[in-house]
Amino acid sequence: MTGLVRAEMTGLPDGGTCARLTMRAPRANALEPGLLADLARALDDAEAADAKVILLCGGPNFSSGGDVRAFQAACLSGEATAYAAEVVPALQALVLRLIAMKRLVVVAARGAITGGSAGLLFAADLAVLAPDAFVQPYYSRVGFAPDGGWTALLPERIGAGRALEWLQSDRRLSAEGLRAMSLATAVSDTPEADAEALASHGALGVRLAAKALIWDEARRESIHARLEAETASFLDRIARPETLRGMERFLVGLGGRSDV
(Lines give C-alpha, C1' and ligand atoms only; values in the text may rest on other atoms or scores of the structure.)
Protein backbone atom coordinates (compact mmCIF):
# COMPACT_ATOMS: atom_id res chain seq x y z
CA MET A 1 0.00 0.00 0.00
CA THR A 2 1.06 3.62 -0.50
CA GLY A 3 0.11 4.83 2.95
CA LEU A 4 -3.14 6.51 1.93
CA VAL A 5 -5.06 4.21 4.28
CA ARG A 6 -3.91 3.54 7.84
CA ALA A 7 -4.98 0.13 9.15
CA GLU A 8 -5.19 -0.70 12.85
CA MET A 9 -6.38 -3.98 14.35
CA THR A 10 -8.14 -3.79 17.71
CA GLY A 11 -9.80 -6.41 19.85
CA LEU A 12 -13.55 -6.72 20.37
CA PRO A 13 -15.21 -7.77 23.65
CA ASP A 14 -16.19 -11.14 22.18
CA GLY A 15 -12.59 -11.90 21.25
CA GLY A 16 -12.95 -10.93 17.60
CA THR A 17 -11.00 -8.31 15.69
CA CYS A 18 -11.97 -4.89 14.37
CA ALA A 19 -10.05 -3.49 11.40
CA ARG A 20 -10.06 0.30 11.66
CA LEU A 21 -9.25 1.75 8.25
CA THR A 22 -8.59 5.50 8.15
CA MET A 23 -8.28 7.29 4.83
CA ARG A 24 -5.61 10.01 4.85
CA ALA A 25 -5.19 11.11 1.24
CA PRO A 26 -4.77 14.67 -0.09
CA ARG A 27 -7.68 16.93 -1.10
CA ALA A 28 -9.99 15.70 1.66
CA ASN A 29 -9.56 12.04 0.69
CA ALA A 30 -10.50 12.64 -2.92
CA LEU A 31 -11.23 9.33 -4.63
CA GLU A 32 -8.24 8.88 -6.91
CA PRO A 33 -6.67 5.61 -8.06
CA GLY A 34 -4.10 5.34 -5.26
CA LEU A 35 -6.62 5.75 -2.46
CA LEU A 36 -9.09 3.34 -4.04
CA ALA A 37 -6.37 0.73 -4.54
CA ASP A 38 -5.19 1.15 -0.94
CA LEU A 39 -8.74 0.73 0.35
CA ALA A 40 -9.14 -2.49 -1.62
CA ARG A 41 -5.83 -3.85 -0.30
CA ALA A 42 -6.73 -2.83 3.26
CA LEU A 43 -9.96 -4.80 2.93
CA ASP A 44 -7.94 -7.77 1.63
CA ASP A 45 -5.72 -7.57 4.71
CA ALA A 46 -8.71 -7.24 7.04
CA GLU A 47 -10.30 -10.34 5.55
CA ALA A 48 -7.00 -12.23 5.75
CA ALA A 49 -6.87 -11.34 9.45
CA ASP A 50 -10.48 -12.52 9.79
CA ALA A 51 -11.59 -9.16 11.19
CA LYS A 52 -15.30 -9.40 11.91
CA VAL A 53 -15.82 -5.62 11.95
CA ILE A 54 -14.60 -3.12 9.35
CA LEU A 55 -14.56 0.46 10.67
CA LEU A 56 -14.12 3.07 7.91
CA CYS A 57 -12.93 6.51 9.00
CA GLY A 58 -11.67 9.58 7.20
CA GLY A 59 -10.20 12.27 9.44
CA PRO A 60 -11.61 15.85 9.44
CA ASN A 61 -13.39 15.14 6.13
CA PHE A 62 -14.48 11.63 5.26
CA SER A 63 -14.12 12.20 1.51
CA SER A 64 -14.83 14.89 -1.06
CA GLY A 65 -15.63 12.29 -3.74
CA GLY A 66 -14.07 12.27 -7.18
CA ASP A 67 -10.99 14.46 -7.67
CA VAL A 68 -12.45 17.19 -9.88
CA ARG A 69 -9.04 18.74 -10.50
CA ALA A 70 -7.66 15.41 -11.69
CA PHE A 71 -10.68 14.84 -13.94
CA GLN A 72 -10.26 18.33 -15.39
CA ALA A 73 -6.58 17.69 -16.12
CA ALA A 74 -7.48 14.38 -17.77
CA CYS A 75 -10.09 16.10 -19.93
CA LEU A 76 -7.64 18.78 -21.04
CA SER A 77 -5.08 16.13 -22.00
CA GLY A 78 -7.60 14.01 -23.87
CA GLU A 79 -7.47 11.22 -21.26
CA ALA A 80 -10.86 11.78 -19.59
CA THR A 81 -12.38 8.44 -20.51
CA ALA A 82 -9.24 6.49 -19.62
CA TYR A 83 -8.97 8.19 -16.23
CA ALA A 84 -12.65 7.66 -15.48
CA ALA A 85 -12.32 4.00 -16.49
CA GLU A 86 -9.58 3.66 -13.87
CA VAL A 87 -11.45 5.42 -11.07
CA VAL A 88 -15.17 4.69 -11.35
CA PRO A 89 -15.09 0.87 -11.66
CA ALA A 90 -12.72 0.74 -8.66
CA LEU A 91 -15.21 2.71 -6.57
CA GLN A 92 -18.13 0.61 -7.78
CA ALA A 93 -16.28 -2.59 -6.89
CA LEU A 94 -15.70 -1.31 -3.35
CA VAL A 95 -19.39 -0.45 -2.89
CA LEU A 96 -20.48 -3.89 -4.08
CA ARG A 97 -17.82 -5.56 -1.97
CA LEU A 98 -18.92 -3.83 1.23
CA ILE A 99 -22.52 -5.01 0.98
CA ALA A 100 -21.37 -8.55 0.16
CA MET A 101 -18.73 -8.86 2.87
CA LYS A 102 -19.40 -11.33 5.67
CA ARG A 103 -18.22 -8.61 8.04
CA LEU A 104 -20.00 -5.83 9.87
CA VAL A 105 -19.15 -2.63 8.00
CA VAL A 106 -19.35 0.52 10.11
CA VAL A 107 -18.64 4.09 8.98
CA ALA A 108 -17.47 6.81 11.37
CA ALA A 109 -17.42 10.10 9.51
CA ARG A 110 -16.77 13.79 10.00
CA GLY A 111 -17.17 16.68 7.59
CA ALA A 112 -17.77 16.15 3.88
CA ILE A 113 -19.14 12.90 2.45
CA THR A 114 -19.79 14.09 -1.08
CA GLY A 115 -20.17 12.74 -4.59
CA GLY A 116 -19.23 9.12 -5.08
CA SER A 117 -17.77 8.77 -1.58
CA ALA A 118 -21.32 8.70 -0.23
CA GLY A 119 -21.50 5.20 -1.70
CA LEU A 120 -19.27 4.00 1.14
CA LEU A 121 -21.86 5.34 3.57
CA PHE A 122 -24.78 3.87 1.61
CA ALA A 123 -23.05 0.46 1.68
CA ALA A 124 -22.37 0.51 5.42
CA ASP A 125 -24.34 -1.60 7.88
CA LEU A 126 -24.08 1.06 10.59
CA ALA A 127 -22.85 4.66 10.62
CA VAL A 128 -22.04 7.18 13.32
CA LEU A 129 -21.60 10.76 12.13
CA ALA A 130 -20.12 13.83 13.75
CA PRO A 131 -22.47 16.85 13.98
CA ASP A 132 -20.56 18.57 11.16
CA ALA A 133 -20.92 15.65 8.74
CA PHE A 134 -22.98 16.17 5.60
CA VAL A 135 -23.75 14.52 2.28
CA GLN A 136 -24.35 16.35 -0.99
CA PRO A 137 -24.44 14.86 -4.51
CA TYR A 138 -22.86 17.74 -6.51
CA TYR A 139 -23.38 15.84 -9.79
CA SER A 140 -25.64 18.39 -11.46
CA ARG A 141 -23.27 21.16 -10.42
CA VAL A 142 -20.06 19.49 -11.62
CA GLY A 143 -21.52 17.71 -14.63
CA PHE A 144 -20.65 14.13 -13.72
CA ALA A 145 -23.13 11.28 -13.98
CA PRO A 146 -23.95 9.73 -10.57
CA ASP A 147 -21.64 6.99 -9.37
CA GLY A 148 -20.90 5.18 -6.12
CA GLY A 149 -24.41 3.80 -5.92
CA TRP A 150 -26.47 6.99 -5.92
CA THR A 151 -28.85 5.41 -8.43
CA ALA A 152 -27.85 1.78 -7.85
CA LEU A 153 -27.87 1.43 -4.06
CA LEU A 154 -29.47 4.53 -2.53
CA PRO A 155 -32.99 3.71 -3.83
CA GLU A 156 -32.74 0.44 -1.89
CA ARG A 157 -32.02 2.44 1.26
CA ILE A 158 -34.49 5.33 1.05
CA GLY A 159 -36.77 4.62 -1.93
CA ALA A 160 -36.52 5.62 -5.57
CA GLY A 161 -38.59 8.79 -5.25
CA ARG A 162 -36.54 10.27 -2.43
CA ALA A 163 -33.27 9.26 -4.11
CA LEU A 164 -34.30 10.95 -7.36
CA GLU A 165 -35.45 14.12 -5.59
CA TRP A 166 -32.17 14.35 -3.74
CA LEU A 167 -30.14 14.08 -6.92
CA GLN A 168 -32.35 16.57 -8.75
CA SER A 169 -32.31 19.16 -5.96
CA ASP A 170 -28.63 18.69 -5.04
CA ARG A 171 -29.63 19.31 -1.42
CA ARG A 172 -27.07 19.08 1.39
CA LEU A 173 -28.24 16.77 4.18
CA SER A 174 -26.82 17.32 7.66
CA ALA A 175 -25.87 14.55 10.05
CA GLU A 176 -29.26 14.82 11.75
CA GLY A 177 -30.98 14.81 8.37
CA LEU A 178 -29.10 11.66 7.43
CA ARG A 179 -30.10 10.02 10.69
CA ALA A 180 -33.73 10.91 10.01
CA MET A 181 -33.33 9.31 6.59
CA SER A 182 -31.98 6.12 8.26
CA LEU A 183 -28.61 6.60 6.56
CA ALA A 184 -26.92 7.12 9.93
CA THR A 185 -27.43 5.21 13.14
CA ALA A 186 -26.34 7.98 15.50
CA VAL A 187 -24.82 11.46 15.66
CA SER A 188 -21.91 11.89 18.07
CA ASP A 189 -19.03 14.22 18.88
CA THR A 190 -16.85 11.09 19.07
CA PRO A 191 -17.99 9.07 16.04
CA GLU A 192 -15.00 6.73 15.88
CA ALA A 193 -15.26 5.59 19.50
CA ASP A 194 -19.05 5.36 19.40
CA ALA A 195 -19.00 3.45 16.12
CA GLU A 196 -16.64 0.85 17.54
CA ALA A 197 -18.81 0.57 20.67
CA LEU A 198 -21.93 0.20 18.53
CA ALA A 199 -20.29 -2.61 16.58
CA SER A 200 -19.53 -4.42 19.83
CA HIS A 201 -23.14 -4.65 21.01
CA GLY A 202 -25.28 -7.69 20.32
CA ALA A 203 -24.61 -11.10 18.84
CA LEU A 204 -22.40 -10.47 15.82
CA GLY A 205 -23.28 -13.78 14.19
CA VAL A 206 -26.97 -12.90 14.21
CA ARG A 207 -26.26 -9.45 12.81
CA LEU A 208 -24.18 -10.89 9.99
CA ALA A 209 -26.88 -13.45 9.23
CA ALA A 210 -29.40 -10.63 8.90
CA LYS A 211 -27.04 -8.79 6.55
CA ALA A 212 -26.64 -11.89 4.38
CA LEU A 213 -30.41 -12.32 4.15
CA ILE A 214 -30.97 -8.72 3.12
CA TRP A 215 -28.08 -8.56 0.66
CA ASP A 216 -28.82 -11.95 -0.89
CA GLU A 217 -27.53 -13.02 -4.29
CA ALA A 218 -30.55 -11.71 -6.21
CA ARG A 219 -30.34 -8.27 -4.64
CA ARG A 220 -26.56 -8.12 -5.08
CA GLU A 221 -26.89 -9.04 -8.76
CA SER A 222 -29.44 -6.26 -9.22
CA ILE A 223 -27.14 -3.74 -7.50
CA HIS A 224 -24.22 -4.93 -9.64
CA ALA A 225 -26.18 -4.37 -12.85
CA ARG A 226 -27.18 -0.88 -11.71
CA LEU A 227 -23.60 -0.04 -10.77
CA GLU A 228 -22.50 -1.14 -14.24
CA ALA A 229 -25.13 1.18 -15.71
CA GLU A 230 -23.80 4.05 -13.57
CA THR A 231 -20.28 3.39 -14.83
CA ALA A 232 -21.40 3.34 -18.46
CA SER A 233 -23.27 6.62 -18.02
CA PHE A 234 -20.28 8.24 -16.33
CA LEU A 235 -17.92 7.16 -19.11
CA ASP A 236 -20.39 8.41 -21.73
CA ARG A 237 -20.63 11.88 -20.20
CA ILE A 238 -17.10 12.53 -18.95
CA ALA A 239 -15.54 13.56 -22.29
CA ARG A 240 -18.36 15.89 -23.34
CA PRO A 241 -17.54 19.61 -23.67
CA GLU A 242 -20.37 20.57 -21.30
CA THR A 243 -18.87 18.33 -18.61
CA LEU A 244 -15.54 20.13 -18.85
CA ARG A 245 -17.35 23.47 -18.62
CA GLY A 246 -19.18 22.24 -15.53
CA MET A 247 -15.90 21.23 -13.88
CA GLU A 248 -14.36 24.59 -14.70
CA ARG A 249 -17.31 26.48 -13.19
CA PHE A 250 -17.18 24.29 -10.09
CA LEU A 251 -13.46 24.83 -9.58
CA VAL A 252 -13.80 28.59 -10.10
CA GLY A 253 -16.41 28.55 -7.39
CA LEU A 254 -13.92 26.92 -5.03
CA GLY A 255 -11.51 29.82 -5.47
CA GLY A 256 -8.03 29.10 -4.22
CA ARG A 257 -8.94 26.16 -2.03
CA SER A 258 -6.58 23.23 -2.47
CA ASP A 259 -8.24 20.77 -0.10
CA VAL A 260 -10.87 19.58 -2.58
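In the block above lies the structure referred to throughout.
Predicted model only: the values in this text are computed from it and were never measured. (Residues numbered from 1 in each chain as written. Predicted model: local features only at pLDDT ≥ 70, side-chain atom pairs only at ≥ 80, totals over all residues. Heavy atoms only, no water.)

### What to know about helix α4 (residues 80-100)
Okay, step 1: In a regular helix each residue adds 1.5 Å, so 21 residues correspond to 30 Å; α4 covers 30 Å between its end C-alpha atoms and thus fits that length.
Okay, step 2: Within α4 the residues assigned to the buried category are Ala80, Tyr83, Ala84, Val87, Val88, Leu91, Gln92, Leu94, Val95, Leu96, Leu98 and Ile99. (Helix = DSSP H or I, 4+ residues; strand = E, 2+ residues; numbered from the N terminus. Expected span 1.5 Å × (residues − 1). Buried < 20%, exposed > 50% of the residue type's maximum accessible area, 1.4 Å probe, protein only.)

### Some remarks on helix α8 (residues 160-169)
Okay, step 1: Three or more residues of α8 are buried, namely Ala163, Trp166 and Leu167. An end-on view of α8 places all buried positions within 95° of arc, on one side of the element. When the buried face of α8 is taken as reference, the exposed residues oriented beyond 90 degrees from it are Gly161, Leu164 and Gln168.
Okay, step 2: Packed against the buried residues of α8 are α5 (118-122), β7 (134-136), α6 (139-142), α7 (154-158), β8 (173-174) and α9 (175-180).
Okay, step 3: Backbone geometry just after α8 places Asp170 at a positive phi near 55°. (Arc of directions from axis to C-beta. Contact = heavy atoms within 4.5 Å.)

### A short note on the packing of α4 against helix α12 (residues 217-238)
Okay, step 1: Put simply, α4 and α12 touch, their axes get as near as 10 Å, and they point 165° apart. One finds that α4 runs roughly antiparallel with respect to α12. Viewed along their axes, α4 and α12 form a crossing whose handedness is right-handed. Between α4, through Ala80, Thr81, Ala84, Ala85, Val88, Pro89, Gln92, Leu96, Ile99 and Ala100, and α12, the contact on the second element is made entirely by Arg220, Ile223, His224, Leu227, Glu230, Thr231, Phe234, Leu235 and Ile238.
Okay, step 2: A per-class count over the contact of α4 with α12 returns 13 nonpolar, 4 polar and 2 charged. (Axes fitted to C-alpha atoms, helices over the stretch in contact; angles between N-to-C directions. Parallel < 35°, antiparallel > 145°, perpendicular 65-115°, else oblique. Left-handed = near helix turned anticlockwise from the far one by under 90°. Nonpolar A, V, L, I, M, F, W, Y, C, P; charged D, E, K, R; others polar.)

### Looking at the side chain of Glu196
Okay, step 1: Here Glu196 is to be found in helix α10 (residues 191-200).
Okay, step 2: Put simply, Glu196 is tucked away with no salt bridge, and the nearest opposite charge, on Arg20, sits 4.4 Å away.
Okay, step 3: Residues within four places of Glu196 in sequence aside, it is in contact with Thr10, Gly11, Cys18, Arg20 and Leu55. (Lys, Arg positive; Asp, Glu negative; His and termini not counted. Salt bridge = Lys/Arg side-chain N within 4 Å of Asp/Glu carboxyl O.)

### Quick word on the packing of aromatic side chains
Okay, step 1: Going through the model one piece at a time under the given rule, you end up with 9 aromatic pairs.
Okay, step 2: In this structure, Arg172 is placed above the aromatic ring of Phe134, and the distance from its NZ or CZ to the ring centre is 3.8 Å. (Phe/Tyr/Trp six-rings, centres within 6.5 Å; stacked < 30°, edge-to-face > 60°. Lys NZ or Arg CZ within 6 Å of the ring centre and 35° of its normal.)

### Describing the pairing of strand β3 (residues 53-57)
Okay, step 1: Counted residue by residue, β3 has 5 buried out of 5 residues, so it is predominantly covered.
Okay, step 2: Neither face of β3 is exposed, since Val53, Leu55 and Cys57 on one face and Ile54 and Leu56 on the opposite face are all buried.
Okay, step 3: Both strand β2 (residues 17-23) and β3 contribute to a ladder of 5 bridges, which runs parallel. Within the sheet, the bridge partner assigned to Thr22 lies in β3 and is Cys57.
Okay, step 4: Summarising the sheet, β3 and strand β4 (residues 104-109) pair through 4 bridges and their orientation is parallel. Within β4, the position partnered with Val53 by the bridge is Leu104. (Pairing = 2+ DSSP bridges.)

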